[in-house]
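# Survey of secondary and tertiary structure
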Amino acid sequence: PMLALLSGLVIVSMLGLPGLGGFVGNALVMMGSYATHPAAVLSIGLGTLVLTYGLFSMYRNVFLGRASAGSVITDLTPGERWFLMPLVGVVILLGTYPRPLLELEKPSVTALLALIK
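What comes next concerns the included structure. (Residues numbered from 1 in each chain as written. Predicted model: local features only at pLDDT ≥ 70, side-chain atom pairs only at ≥ 80, totals over all residues. Heavy atoms only, no water.)

### Brief notes about the overall build of the chain
Our working definition: A run of H or I in DSSP becomes a helix once it reaches four residues, and a run of E becomes a strand once it reaches two; helices and strands are each numbered from the N terminus. For a compact globule the rule gives 2.2 Å times the number of residues to the power 0.38, and the radius of gyration it is set against comes from C-alpha atoms. Relative accessibility decides the category of a residue: with a 1.4 Å probe and only protein chains considered, values under 20% of the type maximum give buried, values over 50% give exposed, and everything between is partly exposed.
Each helix and strand counted, the chain has five helices and zero strands in total. Helices and strands appear in the chain in the N-to-C order α-α-α-α-α. The C-alpha radius of gyration computed for the chain amounts to 18 Å, which surpasses the reference 13 Å derived for 117 residues by more than 25%, pointing to a less compact arrangement than a globule. Taking the principal axes of the C-alpha coordinates as reference, the chain spans close to 60 × 35 × 20 Å. Taken over 117 residues, the chain has a buried fraction of 16%.

Spelled out as structure tokens, the structure:
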């Protein structure tokens, strides 16, 4: 159950669920690109829908599907849980409070925008 839970968390973070790490980057790319390339943003949205179907189909087949003969998926050991919990914490922290990472990127983005103009 813990392996399925963490895998589901990573999948929804990759899809940009609000409150998780992938949301901020996804939202910034969409908002920043829409003014210049709205068709590209709409096609990315369609691609995200296709990706959502593919990832959830994969999740369903791996964790909720019928087990084939000889295949055994064991749950995470306590050591693996201790290793992965800080990563889960970072995913949630960056999704709810992304300011430290955005402030770290701000000088580079400012210099790049000045170079483009």
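After that view of the structure, there is still more to cover.
### A closer look at helix α4 (residues 78-96)
Using the following cut-off: The span one expects for a helix is its residue count, reduced by one, times 1.5 Å. Two axes are fitted around each residue, one to the seven residues ending there and one to the seven starting there, and the angle between them is reported as the bend at that residue.
Its 19 residues give α4 an end-to-end C-alpha distance of 27 Å, which sits within 8% of 27 Å, the value for a rise of 1.5 Å per residue. Along its length, α4 shows its largest kink, about 25°, at leucine 84, and proline proline 86 lies within four residues downstream of that point.

### Re the packing of aromatic side chains
As a reminder, the rule being used: Here is the rule: rings of Phe, Tyr and Trp (six-membered ring for Trp) pair when centre to centre is within 6.5 Å. Planes less than 30 degrees apart are stacked, more than 60 are edge-to-face, and the remainder are tilted.
Overall, the coordinates contain one aromatic pair when judged by the stated rule. Ring centres of tyrosine 59 and phenylalanine 63 lie 5.0 Å apart, and the angle between their planes is 45°; on these two criteria the pair is classed as tilted. Here phenylalanine 63 and tyrosine 59 lie together in helix α3 (residues 38-64), a separation of four residues that amounts to about one turn. Residue classification places phenylalanine 63 among the partly exposed positions, given a relative accessible area of 24%.

### Concerning the pattern of salt bridges
Applicable threshold: When a carboxyl oxygen of Asp or Glu is within 4 Å of a side-chain nitrogen of Lys or Arg, the pair counts as a salt bridge.
Here the structure, examined in full by the defined rule, presents two salt bridges. For arginine 81, the salt bridge is made with aspartate 75, and the minimal N-O distance between the two is 3.0 Å. Using a relative accessible area of 32% as the deciding quantity, one classes arginine 81 as partly exposed. For aspartate 75, a relative accessible area of 28% translates into the label partly exposed. The salt bridge partner of glutamate 103 is arginine 99, with a shortest N-O separation of 3.7 Å. Separated by four residues within a single helix, glutamate 103 and arginine 99 lie in helix α5 (residues 99-116), roughly one turn from each other. The partly exposed category is assigned to glutamate 103, whose relative accessible area is 40%.

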